[in-house]
Amino acid sequence: QGQPVESGGGLVQAGGSLRLSCDVSGRTFSMYDMGWFRQASGKEREFIAAIGWSTSSTLYADSVKGRFIISRDNARNTVYLQMNNPKPEDAAVYYCAIRENSRFFYRGATEYPYWGQGTQVTVSS
């Protein structure tokens with residue numbers, strides 16, 4: 001209960017595009033903020049992007065600015081991460097996470113109580 005479900009991961013060529021989806025229909029909170037994170041093997045979980053209940057409020061990590069786009073469709077209970085021009089260093093397991101909406105964005109993984117199981121993204125040349 002409360003866990004999101006990611007989908008859309010897979011193999012993508014460098015310079016291509018891929019869209020990840022996160023189903024949050026089973027969410028705990030009636031209003032929520034969303035975050036996308038990624039974690040490569042042996043590395044710490046890395047913040048990628050966040051979006052508030054208002055879709056005009058977004059935050060991106062410097063590593064993905066101008067390439068990735070976070071969006072949401074509240075009517076469909078779905079959050080997206082559009083990955084444009086992925087690079088080999090973008091390969092990782094991608095997670096979406098939920099937290100209760102607030103006036104602030106958070107980059108720390110510990111600030112998000114509910115996590116999906118992750119979806120693997122592999123980048124090839």
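None of the values given here were measured: they were computed from a predicted structure.

Moving on: the state of the cysteines. Taken as a whole, this structure holds one disulfide when the rule is applied. Put simply, C22 and C96 are joined by a disulfide, and their sulfur atoms are 2.0 Å apart. Across the S-S bond of C22 and C96 the torsion is about 65°, and the bridge reads as right-handed. Placement of the pair is C22 in strand 3 (residues 17-23) and C96 in strand 9 (residues 92-100), with a sequence separation of 74 residues.

In this section: the pairing of strand 5 (residues 46-51). Burial analysis of strand 5 places five of its six residues in the buried class, which makes it a mostly covered element. Of the strand pairs in this sheet, strand 4 (residues 32-39) and strand 5 are connected by five bridges, and their pairing is antiparallel. What sits directly across from W36, in strand 5, is A49. Alignment of strand 5 against strand 6 (residues 58-60), held across three bridges, turns out to be antiparallel. Residue A49 lies in a different strand from strand 6, and its bridge partner there is Y60. Hairpin connection, strand 5 to strand 6: the antiparallel pair is bridged by six residues.

Rules used in this analysis
- Residues numbered from 1 in each chain as written.
- Predicted model: local features only at pLDDT ≥ 70, side-chain atom pairs only at ≥ 80, totals over all residues.
- Heavy atoms only, no water.
- Disulfide = S-S within 2.5 Å.
- Helix = DSSP H or I, 4+ residues; strand = E, 2+ residues; numbered from the N terminus.
- Buried < 20%, exposed > 50% of the residue type's maximum accessible area, 1.4 Å probe, protein only.
- Pairing = 2+ DSSP bridges.

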